[in-house]
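Fold and geometry: a report
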Amino acid sequence: MQKSHHLSRNEFVKITVGALGAVIAGVIGIPAVAYLLSPALKNQALDAWVPLGPLDIYPVGEPTMFTFIRTKVNGWEKTVYSYGVYVYRKNETEVMVFSNVCTHLACRVTFQDDTREYDCPCHDAQFDIEGNILAGPPPRPMDRYETKVEEGLLSIRLLEG
Amino acid sequence: MIMLTKIINWLDERLGLRAIYNVTLDRKVPKVNWWFTLGSASLFLFIIQAVTGIFLTVYYVPSPDHAYDSIQYIMTGVSYGWLIRGLHHWGASLMVIVVFIHMLRTFFYAAYKFPRELTWLTGVVLLLTTLGMGFSGYLLPWNQRAYWATTVGTQIAGTAPVIGPLILSVLRGGTDLSAVTLARFYAVHIWFLPAVIVLMIGVHMYMIIRLGISHIPEKDE
């Protein structure tokens, strides 16, 4: 066979098959990765004011639990999520609203009447009545919601994502 | 490039890759025509179906209350879901056609004769399982067409003499088309039949590699 810079039939087939294979792998492979990742990358940000009722119904000095639900569409299903917040009126004018989700690993904390602190049952985290860490593994104090009182009605700002 | 050759050589010494390549791909073939590409095309389509099928299971839910919605989600909510499902949907029809023509070619060229009877027999199983995949997959979208096609299809199976009613209730998992039917069709579609197909493809290809492919018969043969 003469030596030339032309491709031999064999080489041509090899290169063509390789190139076509790469194109097919790319055409399927790239969408496949996007397909797997897309629910994770979807923007599910949430920014809403949630009304908690008249401020007057919450006793001063006593953290009170308020629960509410929100519905989210996840894929093919509507899921109902329940939220629990502690409303703590320090005095007549100051109000603090805490999420009951522990900042450690997302278990739910409960206010203890006798010790006057929030305890987490999972890993013994303890927070004082204003949400500061007393003991245990949490990386930061209890999460606080932004609050507003309009015409006597208390609302919190729910920010997610 | 030299590095790559070194790596390949290292692997080849231990795995015998070149021997595998030579035996499976560098085989001697008689002078053939384009009809002889249908076997490879069937294999290629099977691989496409397997890959896209695996991807579809990520979001598909085989339950009457979610099957339809989960497919709507694949089509509109997931990036390229339409592409993955589209490939699986059209690939299924194409595979039935290609496998069938592959069978016709083997028949008309008399390629099923000694010593290739077992290649033919495994091929028969592969054709039937391919049709089984089409039948079981057709129910999974759980829309009106799927529901009634399976109602009719299982009813037809039920008309067989004596054992018909038994076949009907085994296919449906009860007297009626139900959640049980959907779940078992799904199981058959993603586990039972693919397992049989993979096994049969293995035997089928081993036979082809061992015996080579037959030449086109001469006029006086």
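First things first, this report covers the structure right here in the doc. (Residues numbered from 1 in each chain as written. Chains lettered and ligands numbered in written order. Predicted model: local features only at pLDDT ≥ 70, side-chain atom pairs only at ≥ 80, totals over all residues. Heavy atoms only, no water.)

**Digging into the interface of chain A and chain B**
- Each partner contributes to the interface: chain A provides 15 residues, whereas chain B provides 21 residues.
- Taken together, both faces of the contact between chain A and chain B bury some 1,600 Å²; the carbon and sulfur share is 74%.
- Taken as a group, Ile28, Tyr35 and Trp76 of chain A account for 49% of the area that chain A buries against chain B, more than any other trio of residues on that side.
- Applying the counting rule to chain A against chain B returns 0 salt bridges.
- Taken together, chain A and chain B are joined by 6 residue pairs in polar contact (both at pLDDT 80 or more). (Contact = heavy atoms within 4.5 Å. Buried area = accessible area lost by both parts, 1.4 Å probe. Salt bridge = Lys/Arg side-chain N within 4 Å of Asp/Glu carboxyl O. Polar contact = N/O pair within 3.5 Å; in protein donor to acceptor, adjacent residues only side chain to side chain.)

**Side note on the packing of aromatic side chains**
- Taken as a whole and judged by the stated rule, the model has 18 aromatic pairs over all chains.
- Between Tyr60 of chain B and Tyr186 of chain B, the aromatic rings sit 5.5 Å apart at their centres with planes inclined by 45 degrees, giving tilted as the arrangement. One end of the pair, Tyr60 of chain B, is in the loop between α3 (38-56) and α4 (67-76); the other, Tyr186 of chain B, is in helix α9 (residues 179-211), with 126 residues separating them in the sequence.
- Overall, Tyr186 of chain B belongs to the buried group, its relative accessible area being 14%.
- Aromatic pair Trp142 of chain B and Tyr147 of chain B: ring centres 5.7 Å apart, planes at 85 degrees, arrangement edge-to-face.
- An aromatic cluster is built from Tyr35 and Trp76 of chain A together with Phe55, Tyr59 and Tyr73 of chain B, whose rings are joined through pairwise contacts.
- The aromatic ring of Trp10 of chain B is capped on one face by Arg14 of chain B, whose charged end is 3.9 Å from the ring centroid.
- Between the NZ or CZ atom of Arg105 of chain B and the centre of the ring of Phe36 of chain B, over which it lies, the distance is 4.1 Å. (Phe/Tyr/Trp six-rings, centres within 6.5 Å; stacked < 30°, edge-to-face > 60°. Helix = DSSP H or I, 4+ residues; strand = E, 2+ residues; numbered from the N terminus. Buried < 20%, exposed > 50% of the residue type's maximum accessible area, 1.4 Å probe, protein only. Lys NZ or Arg CZ within 6 Å of the ring centre and 35° of its normal.)

**Things to note about the packing of α3 of chain B against helix α5 (residues 81-108) of chain B**
Residue and element names in this part refer to chain B.
- It is the contact of α3 with α5, at a shortest axis distance of 9 Å, that shows an interaxial angle of 155 degrees. In this view, α3 runs roughly antiparallel relative to α5, as classed from their interaxial angle. As α3 packs across α5, the resulting crossing turns out to be left-handed. Where α3 abuts α5, its residues Leu38, Gly39, Ala41, Ser42, Leu45, Phe46, Gln49, Thr52, Gly53, Phe55 and Leu56 lie against Ile84, Arg85, Leu87, His88, Gly91, Ala92, Leu94, Met95, Val98, Val99, Ile101 and His102. (Axes fitted to C-alpha atoms, helices over the stretch in contact; angles between N-to-C directions. Parallel < 35°, antiparallel > 145°, perpendicular 65-115°, else oblique. Left-handed = near helix turned anticlockwise from the far one by under 90°.)

**Re the sheet that holds strand β5 (residues 110-112) of chain A**
Residues and elements named next belong to chain A.
- The antiparallel open sheet is built from 4 strands, whose spatial order is β5-β6-β7-β8. Among the strands making up the open sheet, the edge pair consists of β5 and β8 (133-135). Between one strand and the next, the sheet's axes are offset by a mean angle of 35 degrees, whatever the strand orientation.
- Where strand β7 (residues 126-128) lies against β8, 2 bridges are found, and the strand directions are antiparallel. Among the inter-strand pairings, Gln126 is bridged to a residue of β8, identified as Ala135. (Pairing = 2+ DSSP bridges.)

**Considering unusual backbone geometry**
- Cis geometry is adopted by the peptide bond preceding Pro115 of chain B, which originates at Phe114 of chain B and carries an omega value of 0 degrees.
- Inspection of the secondary structure puts Pro115 of chain B in the loop between α5 and α6 (117-139).

**Focus on the pairing of strand β2 (residues 64-74) of chain A**
Residue and element names in this part refer to chain A.
- Bridging between β2 and strand β3 (residues 77-89) involves 11 bridges; their strand directions are antiparallel. Within the sheet, the bridge partner assigned to Val73 lies in β3 and is Lys78.
- Between β2 and β3, which pair antiparallel and follow one another directly, the connecting turn spans 2 residues, one of which, Gly75, has a positive phi of 60 degrees.

**Description of the pattern of salt bridges**
Residue and element names in this part refer to chain A.
- For the coordinates displayed, the defined rule picks out 10 salt bridges over all chains.
- In this structure, Lys90 and Glu130 form a salt bridge, with 3.2 Å as the shortest nitrogen-oxygen distance. On the criterion of sequence distance, the pair formed by Lys90 in the loop between β3 and β4 (95-99) and Glu130 in the loop between β7 and β8 is long-range, its members being 40 residues apart.
- We classify Lys90 as partly exposed; its relative accessible area is 35%.
- One salt bridge connects Glu146 with Arg157, and the closest N-O pair in it is separated by 3.2 Å. You can see Glu146 sitting in strand β9 (residues 146-150) and its partner Arg157 sitting in strand β10 (residues 153-160), a full 11 residues away along the chain.
- Under the relative-accessibility criterion, Arg157 is labelled partly exposed at 26%.

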